[in-house]
Amino acid sequence: MLNTKELGRVAGRNSRTFVKLLTGTALVGLAMPTALAAQEQADTPQADGVGENAIVVTGIRSSLQSALQEKRNADSLIEVIQAEDIGKLPDQNLAEVLENVTGVQITRTAGVGTGVQIRGTNDNRTAINGVTTLGSGSGRGGINFEDVNAAIISSVEVIKAPEASTIEGAVGGTINLRTIRPLDITDTIATVRLQGEYAELSDSVSPRISASFGDNWSTGAGDMGFVIAASYTEQEATSLRPRVDRDNFIPAGASVTAAGAPGPDFDFLGIQFLNQELENFEFETINIAGSFEWEAAPGFTFFVDGFYNDQERRQDSSRVQGSGVSSVDLVNVPDTFETVEFGSLDGVNFGSIQAALTGTIQPNLATDDDDPNLRFSSDTGARVTESSVLRWGFDWEGERLALRFEASRARADSVSPNLSTTLNFINPNPLTPLDGTSNDNSVPFIYDLTGGALTFGIDFASPFAPSVADLLDPANTVIDAVNISRDTTENADDAIRLDLEYDTSDFLGFITSVDAGYRFNRRSSEFNDIGFSRGFGAIADSPSGSLIADLLVPGPDIFGDADGRELAFRNFLLVDPNLSFSDQEGTYDAIQAAFLQTANGVVLPEPDSDSDAFFSIDEETHAAYLQANFELGILRGNVGVRYVDTSIDSTGITTLGGTGQQVVTTAGYNEWLPRFNVIADVSDDIVLRASFSRDVNRPDFNQLSSSVTFPTSANAAVSIGNPGLAPETVTAFDASIDWYFAPAAVVSVGVFHKRRTNLFVTQLDEPFEDPVTGFRDITDPCEQGGIFNPIADRNILAADQTQPGICVPIQTEINDTATTKQTGIEVAFQYDLSSFEDTLGFASGFGILANYTYQDFSGGEAFNTSSGRGTPALESGSGQTGPFTAVQGLLDFSENAYNVTLYYEKFGLSARARYTWRDAFRTLDTAGGASLNSTFGFPTVTESRGQLNASVTYDVTDNINVGIEGVNLTKSEITQRCVNSGALLCFQGLPDRRITFGATFRF
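All figures in this text were calculated on a predicted structure; none of them were measured in a lab.

This part is about the environment of Phe 676. Tracing the sequence through the fold places Phe 676 in strand 31 (residues 659-681). Residue classification places Phe 676 among the partly exposed residues on the basis of a relative accessible area of 33%. Distance in space between the C-alpha atoms of Phe 676 and Val 641 is 8.4 Å, their sequence separation being 35 residues. Sequence-distant contacts of Phe 676, that is, excluding residues within four places in its chain, are made with Phe 630, Asn 638, Val 639, Ala 690, Ser 691 and Phe 692.

If you want it as structure tokens, here you go:
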């Protein structure tokens, strides 16, 4: 047998058994692998050679049992999830499928699973049938999980401990999405699934359609077979994300109330910024996966696999911002305060400080004649991605020598059309006149942050307040910023590999075979920033909304629908996102016509390529491995080494002497990656495993680029790559014990330890802000920190607000010079009551799956530094002098996580409920474009959270199944805090509840 382990799994180790089992049952359309099959008359499934009168176990118990058998027989540490039947993995979303695996946690965007962490890291490799996949951006993790409909995947494999033959590039593990092998089919496959998904916040129903067909046949030229699976999916996902910045430090005795009375005699944190963000994403996805196999002669099989993805992810989001708030903080004392305990970082106890809890923010023209101000932003764009994976080659097996040749190519081309606009609201209340220079004026706000909810809105009780009619009048708005773009990203990966195995069992004793192989890989990523961005700070440059009245529509008023809040921004105008998306050119032309009617007759340029943001990176890798496979008594396993040589050419724009120049940076490195796996089959029921491996994690392509893209906000950090980033190296140790005490049951306990060097760490370089005025430098270069952004709106950060251009923060990546360590424990339990049919009757349909993961992270020297605004607050509570530093460590890393699934299946009824919980973790994923400079300089903490999903299905006939599935049934919220868990509440996330219903037909 050919022993190229990774490719062997791709081809479907034990897949013949698996397909015989799953094709022998009726398709249960929406059931998850948390439901037992109706046919439960045998305790063990029959594999090859099933007799005519044999009873075959099908459904969930079969899939669980088959997956456990594959894990047990593997020569390294893997986890497997197999579909109950064609196109029926446990969840609609691939990220949520993977959440069933021990040691895996996921992150979500607007409630949709988009990111996967294996053993606490995002740095993993994703493959389809073993072939590297490409994402829509410049990362290395592979295809976006929301881009693939789980219905076209037959099984998912997570390789936690690699062999020498396993392709390098994963820290936590390799995720391999597998499709069915055509020659393993025993019966014709023909299924169709029709579904609809209801999204509660958007009050919409989206279709989901998938179908599969497969067959094989014998001919005079040999056995041939093919399988094709296709899906069309629409989905709408909405999430509400309020943000309140309370990083404006106000010393004791420095403030007065709005009525002029003395303020408190203690330090406190006032309101700096209010942001009401609504994220809305609409997905339209086409997936096609197909495979062809031809056994042209005994021992010689030719294969071709293809995968195609075409997805349009449309964003229709809005932001309502209360800006310029800090300019009147000294004359607006909060009504009530809360005590915020900041906790400790790196041995420094930051103590506590009072923070604004409830109150109003009233204009004070004597202090500032145009703040606080109100603005409305429409973020309308899309990410249109077309990606493909093609793999072809052959297997040849002789008497002793086996060979596999494979060639593959992967492509992912994305274009991101975008037309985003910001409107400033001009309050017509006579108490808040325009000053003639800026393009905004004063609006009163009210806030109530009690009960862990960030609620705020307009203070309509104030004499300065506008009316609802005022807020919805186009004449009371002006265009403040315009961003039109059509950025492109082109990713490519071409590879060839040759794998050999030589049977040595007759003359090398316990060395059963020796494997060797070579792989060449060429990968590239090119990014072009095509567009135009500009902010307009002067009224003479800002056209009235009355000139584009036909483009303006009321913004969404559903912000209270998620948690019943009464205080919110509900009445505002936006540039119609539907027009911005469907007729970008016409919308832009109408906006241009409005600008031509301003006092200065502003001419907006046509979108053009920004050479400063361009980068192109080409990478070539040669890899070779040698591996010995052994078997001695109860021991089996493999030992080998993989050698990797990589060269990189990075082309980007670097500023030299104040001028941007195209620079090619060349780098290269080589690594020896030893890998060892040993398994002890102690008894029929107990298996011990141990492994040692070394791997390499390469930087994402955008992390290597020195090019620059400027946003229009002065508070947004500019991301700049670091061409000098070295790859991260990972040394891992694993040990586990599995007790297979019943056919579809296991108790498993494992430990792992990783040592990581050159960890990638995000750093912030802030511009200097005058401690008295709060102003920044507005000239280039920025000698006191940061980078000059020529298009950023200065807002309250400069005395002259009529022109754009100001020094802004820089966010970049460096290598941690110290070694970091990660240790974890994984526990899994799986059991069903099917063997108690005679005594329990209907109750024998119950089963349970559960897993728990504990992780600890230590070490590292690269640190974050408290921001200019955050330092005074931390000084006040700690009594020490800042700035303060703390080692960043791993982001998106939870110490504890668990997953419990209770399922039932009997008499054609399948039901399951799964509760997933993960501990708090630090992240850079925040609401409203917040970066480190607005989170006190440290990554935000997302608090611990659980989510409940459930499904119920029923077999109407042997060929028809109907069902319903719910995601986030309890509408679990997301809470994010600054500095530490339990500290200052900074952001909230209110994701949607989604219900999927439909039917599956088998022909």
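Continuing now.
Take the pattern of salt bridges next. One pass over the full model with this rule turns up 53 salt bridges. When the shortest N-O distance is used, the salt bridge between Lys 160 and Glu 826 registers 3.1 Å. Residue Lys 160 is located in the loop between strand 6 (155-159) and strand 7 (174-178), and its partner Glu 826 is located in strand 40 (residues 820-832); the two are separated by 666 residues in the primary sequence. Pair check on accessibility: Lys 160 and Glu 826 agree, each one buried. Note that Asp 506 is salt-bridged to Arg 400, the shortest N-O span being 2.7 Å. Taken together, the residues span a long stretch of sequence, with Asp 506 in the loop between strand 23 (477-503) and strand 24 (511-528) and Arg 400 in the loop between strand 19 (373-397) and strand 20 (401-425) at a distance of 106 residues. Taking the relative accessible area as the measure of exposure, Arg 400 reaches 28% and is therefore partly exposed. Here the salt bridges share partners, and the residues they tie into one network are Asp 91, Glu 96, Glu 99, Arg 108, Arg 912, Arg 914 and Glu 965.

This next bit is on the packing of aromatic side chains. Scanning the model with the defined rule gives 27 aromatic pairs in all. Aromatic side chains Phe 376 and Phe 425 sit 6.2 Å apart centroid to centroid with 40° between the ring planes, which places their arrangement in the tilted category. Here the residue Phe 376 occupies a position in strand 19, and Phe 425 occupies one in strand 20, the gap between them amounting to 49 residues. In terms of burial, Phe 376 and Phe 425 fall into one category: buried. Ring-pair connections join several aromatic residues into one group, and the members of that group are Trp 739, Phe 741, Phe 829 and Tyr 831. One cation-aromatic arrangement involves Arg 140 over Phe 701; the distance from NZ or CZ to the ring centre is 4.3 Å. In this structure, Arg 918 packs its charged tip against the face of Phe 921, placed 4.0 Å from the ring centre.

Next up on the list: the nonpolar core. Ile 271, Leu 374, Phe 376, Phe 445, Phe 595 and Leu 604 are the most contacted members of the largest nonpolar core, which totals 43 residues. Contributing elements (two or more residues each) for this core: strand 18 (352-361), strand 19, strand 20, strand 21 (445-448), strand 22 (455-458), strand 23, strand 27 (573-575) and helix 7 (584-596). In terms of residue count, helix 7 provides more of this core than any other element does, four residues in total. Val 97, Leu 98, Ile 106 and Phe 307 belong to the second-largest nonpolar core, a separate cluster that totals 31 residues.

Strand order in the open sheet made by the three strands is 33-39-36, with mixed pairing throughout. Strands with a single pairing partner mark the edges of an open sheet, and in this sheet they are strand 33 (718-719) and strand 36 (760-765).

Our focus in this paragraph is the side chain of Ser 239. Within the secondary structure layout, Ser 239 lies in strand 10 (residues 222-245). Owing to a relative accessible area of 4%, Ser 239 belongs among the buried residues under this scheme.

Our focus in this paragraph is the pairing of strand 45 (residues 909-918). Every second residue of strand 45 is oriented toward a common face, the buried set being Ser 910, Arg 912, Arg 914, Thr 916 and Arg 918 and the non-buried set Leu 909, Ala 911, Ala 913, Tyr 915 and Trp 917. By the bridge criterion, ten bridges tie strand 44 (residues 896-906) to strand 45 in an arrangement that is antiparallel. Within strand 45, the position partnered with Leu 902 by the bridge is Ala 913. Between strand 44 and strand 45, which pair antiparallel one after the other, the connecting turn spans two residues, and Phe 907 there sits at a positive phi close to 60°. Note: strand 45 against strand 48 (residues 945-955), ten bridges, orientation antiparallel.

Moving on, we come to the confidence of the model for the protein chain. Averaged over every residue, the pLDDT of the protein chain is 88; the share at 70 or more is 93%. Ranking the elements of the protein chain by mean pLDDT puts helix 2 (residues 15-22) last, at 31, and strand 21 first, at 98. Counted against residues more than four places away or in other chains, residues 1-56, with its pLDDT under 50, gives 205 contacts.

With that settled, the discussion passes to the side chain of Asp 480. One can find Asp 480 in strand 23. Ignoring sequence-local partners within four residues, the contact set of Asp 480 consists of Arg 375, Thr 422, Leu 423, Asn 424, Asn 439, Arg 534, Gly 535, Phe 536 and Asp 793.

Reading the values: rules and limits
- Residues numbered from 1 in each chain as written.
- Predicted model: local features only at pLDDT ≥ 70, side-chain atom pairs only at ≥ 80, totals over all residues.
- Heavy atoms only, no water.
- Helix = DSSP H or I, 4+ residues; strand = E, 2+ residues; numbered from the N terminus.
- Buried < 20%, exposed > 50% of the residue type's maximum accessible area, 1.4 Å probe, protein only.
- Contact = heavy atoms within 4.5 Å.
- Salt bridge = Lys/Arg side-chain N within 4 Å of Asp/Glu carboxyl O.
- Phe/Tyr/Trp six-rings, centres within 6.5 Å; stacked < 30°, edge-to-face > 60°.
- Lys NZ or Arg CZ within 6 Å of the ring centre and 35° of its normal.
- Core = buried A, V, L, I, M, F, W, Y, C linked by side-chain atoms within 4.5 Å.
- Pairing = 2+ DSSP bridges.
- pLDDT = per-residue confidence, 0-100.

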